[in-house]
Amino acid sequence: SELVYAIVLMVHFHLFASFIQSCVLMEERENQKENLNNRHFTPAIKCKRVPPYDCTQTSHKGSPSTEFYKVDHLLQKMQILRGKQQSPPPKEELKSRFHSVTLNCNDVENCSLVPVIEPDLSHFVRDVDFQYVDFARREKESEFPTFRVQDFNWDEEGYSMISRFNDDLAQLLDDKFRTICNLTYRTMGRHSSIDTTLFRRASWNYIQCLWGIRHDDYDYAEVNDLLHRNLKKYIKTASCYPEQCSKQEYNSIMKDFKTSEKIHLLMLVGEAKLQSSLLYSMKAVSLHFNRS
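Residues numbered from 1 in each chain as written. Predicted model: local features only at pLDDT ≥ 70, side-chain atom pairs only at ≥ 80, totals over all residues. Heavy atoms only, no water.

Student: Pulling in residues and values, what's your account of the overall build of the protein chain?
Tutor: Summing up its helical and strand segments, the protein chain has 10 helices and 4 strands in all. Listed N to C, the secondary structure of the protein chain is α-α-α-β-α-α-β-β-α-β-α-α-α-α in terms of helices and strands. Across the 292 residues of the protein chain, 41% fall into the buried class. When contacts within the protein chain are restricted to residue pairs at least 6 apart in sequence, long-range pairs at least 24 apart make up 75% of them. Working note: accessible area of the protein chain is about 17,200 Å², and carbon and sulfur atoms make up 55% of it. (Helix = DSSP H or I, 4+ residues; strand = E, 2+ residues; numbered from the N terminus. Buried < 20%, exposed > 50% of the residue type's maximum accessible area, 1.4 Å probe, protein only. Contact = heavy atoms within 4.5 Å. Areas by Shrake-Rupley, 256 points an atom, 1.4 Å probe, with all protein chains shown as cover.)

Okay, structure coming up:
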């Protein structure tokens, strides 16, 4: 039970690393910038406070024609995909599309230099060169096969394994997953009353694809249809190399969405990463008990 608790704590630190460095720090800089601008134009009256940063505004400050085009185009794609869901592709085609997306993940490279680990930390790290490796580039495919959710998923095996040690912990994790997965204002930019399920699911499955997890019944062609290349690049950086996130790249994604919608997506990035880690670790724990 202590090992399971330690795993849960560790994967949460990994989640916070992604969310804080890919989102919180970026928004804090924007918030500080807004507040400094407000102070510059606000008379120095002690009783008057600087207004809080408004996260309901769109993050893009360009012309209206540029601001709304991408969301409109995305909504059209979502409408087309809903029609296609009535006749899903054959299983072999779904498998082929998954491998295509994993190979495309290699093309979404992060060009930043790998940071040098401080000498004092090297005492606590066995391999100072250890870092994320693209799943499609793994050298021993038989040793690291694709993780199929249909063989071991959270709702059945993952939840049950953690509940063996602590029912409350398993329920809290399950509630958190469902809350983040279903989190939506039903808006996309200036549009309201929008079903964002397709966009959220494409984002979630792409993140887990980065970690070698495949949903057999999902058409991964939707990932390329709904996620822009720049967005996929930032998602990969946030999930796999969070320390390399930059303000410039943060500002370049989802320009026509509201800031709150961008924050929702990056919360999804962290949560999908956390669940991926739990699936791998709980499967290992399960195999250990089955062999004992």
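Student: Before we move on, can you summarise helix α4 (residues 154–163) with the specific residues and values?
Tutor: Those residues of α4 that fall on the buried side of the exposure criterion are W154, G158, M161, I162 and S163. For α4, the side-chain oxygen to backbone nitrogen distance between the N-cap and D155 is 3.2 Å, and the N-cap itself is N153. (Polar contact = N/O pair within 3.5 Å; in protein donor to acceptor, adjacent residues only side chain to side chain.)

Student: Go over empty space enclosed by the protein, please, and point to the residues and values.
Tutor: Throughout the structure, instances matching the rule amount to 1 cavity of 30 Å³ or more. Roughly 200 Å³ of volume is contained in the largest cavity. For the largest cavity, the lining is made up of 16 residues, of which L183, F199, R200, E261 and H264 are closest to its centre. At the level of elements, β2 (187–188), α6 (197–210) and α10 (259–291) are the ones that each hand at least two residues to the lining of the largest cavity. (1 Å grid on protein atoms, 1.4 Å probe; cavity = no way out; pocket = protein on both sides within 12 Å on 5 of 7 lines; lining within 4 Å. Points joined across faces, edges and corners; volume = space filled by probe spheres on them.)

Student: Go over the packing of α6 against α10 with me, naming the residues and quoting the values.
Tutor: Between α6 and α10, whose axes approach to 9 Å, the crossing angle comes to 45 degrees. With respect to α10, the element α6 is oriented oblique. Read as a crossing pair, α6 and α10 show a hand that is right-handed. Of the residues in α10, those in contact with F199, R200, S203, W204, I207 and Q208 of α6 are L265, L268, V269, E271, A272, K273, Q275 and S276. Split by residue class, the contact of α6 with α10 holds 7 nonpolar, 4 polar and 3 charged. (Axes fitted to C-alpha atoms, helices over the stretch in contact; angles between N-to-C directions. Parallel < 35°, antiparallel > 145°, perpendicular 65-115°, else oblique. Left-handed = near helix turned anticlockwise from the far one by under 90°. Nonpolar A, V, L, I, M, F, W, Y, C, P; charged D, E, K, R; others polar.)

Student: Can you break down the nonpolar core residue by residue, with the values?
Tutor: The biggest cluster of nonpolar side chains holds 66 residues, and the ones touching the most others in it are I162, M188 and L278. No other element matches the 11 residues that α10 contributes to this core. Leaving out residues up to four positions away in the same chain, I162 has contacts with V4, W154, L169, A170, L173, L278 and M282. (Core = buried A, V, L, I, M, F, W, Y, C linked by side-chain atoms within 4.5 Å.)

Student: Which residues make up the layout of surface pockets, and what values do they have?
Tutor: Estimated volume of the second largest pocket: approximately 870 Å³. Along its surface, the second largest pocket is lined by 34 residues, and R201, W204, N205, H215 and D217 are the ones closest to its centre. For the lining of the second largest pocket, the secondary structure elements donating two or more residues are α2 (64–84), α3 (91–107), α4, α5 (167–181), α6, α7 (221–226) and α10. Among the elements that line the lining of the second largest pocket, the one with the most residues is α6, at 6 residues. Here the lining of the second largest pocket is built from residues that sort into 13 nonpolar, 10 polar and 11 charged.

Student: Explain the packing of aromatic side chains to me, using residue names and the numbers behind them.
Tutor: What describes a pair of aromatic rings is the distance from one ring centre to the other and the angle between the planes of the rings. For the coordinates displayed, the defined rule picks out 11 aromatic pairs. Residues F165 and F289 carry aromatic rings whose centres are separated by 6.0 Å and whose planes lie at 45 degrees to one another, so their mutual orientation is tilted. Of the two residues, F165 sits in the loop between α4 and α5 while F289 sits in helix α10, which places them 124 residues apart along the sequence. Residue F289 is classed as partly exposed on the basis of its relative accessible area, which comes to 34%. Feature note: the residues F98, Y218 and Y220 constitute an aromatic cluster, connected by ring pairs. (Phe/Tyr/Trp six-rings, centres within 6.5 Å; stacked < 30°, edge-to-face > 60°.)

Student: Got a sec to walk through the pattern of salt bridges? Specific residues and values, please.
Tutor: For the coordinates displayed, the defined rule picks out 12 salt bridges. A salt bridge links R178 to D174; the nearest nitrogen and oxygen atoms lie 2.9 Å apart. On the criterion of helical spacing, the pair formed by R178 and D174 is a turn pair, its members being 4 residues apart in helix α5. Classification of R178 by relative accessible area gives partly exposed; the value is 45%. (Salt bridge = Lys/Arg side-chain N within 4 Å of Asp/Glu carboxyl O.)

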